[in-house]
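Listed below, chain by chain, are the residues.
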Amino acid sequence: MQEIPMSHIARSPRQLGNLIQRTRKQRGLTQTDLANLAGLRQEMISKIETGHEGTKLSSIYALFAALDLELVVDTRSGRPAKDIEDIF
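Residues numbered from 1 in each chain as written. Predicted model: local features only at pLDDT ≥ 70, side-chain atom pairs only at ≥ 80, totals over all residues. Heavy atoms only, no water.

J.: Just checking my understanding: could you explain the overall build of the chain for this structure?
T.: Helix and strand content of the chain: five helices and zero strands. When the elements of the chain are put in sequence order from the N terminus, they spell out α-α-α-α-α. Within the chain, the proportion of its 88 residues that are buried is 24%. Considering only contacts within the chain whose residues lie at least 6 apart along the sequence, 55% involve residues at least 24 apart. As displayed, the chain has an accessible area near 6,600 Å², and 50% of this comes from carbon and sulfur atoms. (Helix = DSSP H or I, 4+ residues; strand = E, 2+ residues; numbered from the N terminus. Buried < 20%, exposed > 50% of the residue type's maximum accessible area, 1.4 Å probe, protein only. Contact = heavy atoms within 4.5 Å. Areas by Shrake-Rupley, 256 points an atom, 1.4 Å probe, with all protein chains shown as cover.)

Written as structure tokens, this is what we have:
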């Protein structure tokens, strides 16, 4: 399998779900395949990919490990937000 270099910004559960879904499809995996690799249920993969906001961070980490991804925390680009509400 050829490694696909990528760096994407996800600022919402929906954007993170899209990133996971795109990576899963690029790797030729079904939701069931990914669920088995990550030790999760297929229904959880579906919820995460559609931006479900109640997802445990441990589930995200399991998916990242299964997809050979890592989480990088960086300073937000663009103008600084004055209030937390401005971020979202």
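Don't stop here, the text continues.
J.: Would you explain helix α2 (residues 31-38) in this entry?
T.: Given 3.6 residues per helical turn, the α-helix brings residues three or four places apart onto the same face. Turning to α2, its buried residues number three or more, namely Q31, L34, A35 and A38. Angular distribution of buried residues about the axis of α2 spans 100 degrees; they occupy a single face of the element. Exposed and oriented more than 90 degrees from the buried face of α2 are N36 and L37. Residues of α2 that are buried sit in contact with α1 (13-26), α3 (42-49) and α4 (57-66). (Arc of directions from axis to C-beta.)

J.: I keep staring at the nonpolar core and nothing clicks. Help me out?
T.: General note: in soluble globular proteins, nonpolar side chains tend to be found buried as a group. Of all hydrophobic cores here, the largest spans twelve residues; its members are I20, L29, L34, A35, A38, I45, I48, I60, L63, F64, L67 and L69. In contact with L63, not counting residues within four places along its chain, are I20, L34, A38, L40, I45 and I48. (Core = buried A, V, L, I, M, F, W, Y, C linked by side-chain atoms within 4.5 Å.)

J.: Honestly, the pattern of salt bridges in this entry has me stumped. Any pointers?
T.: Pairs can form between side chains of opposite charge whenever their charged atoms are close. With the rule as written, the count across this model stands at two salt bridges. Across the salt bridge formed by R24 and E49, the nearest N and O atoms sit 2.6 Å from each other. On the criterion of sequence distance, the pair formed by R24 in helix α1 and E49 in helix α3 is long-range, its members being 25 residues apart. The exposure class assigned to E49 is buried, which follows from its relative accessible area of 2%. A salt bridge links R41 to E43; its shortest N-O distance comes to 3.5 Å. Given a relative accessible area of 59%, R41 falls into the exposed group. (Salt bridge = Lys/Arg side-chain N within 4 Å of Asp/Glu carboxyl O.)

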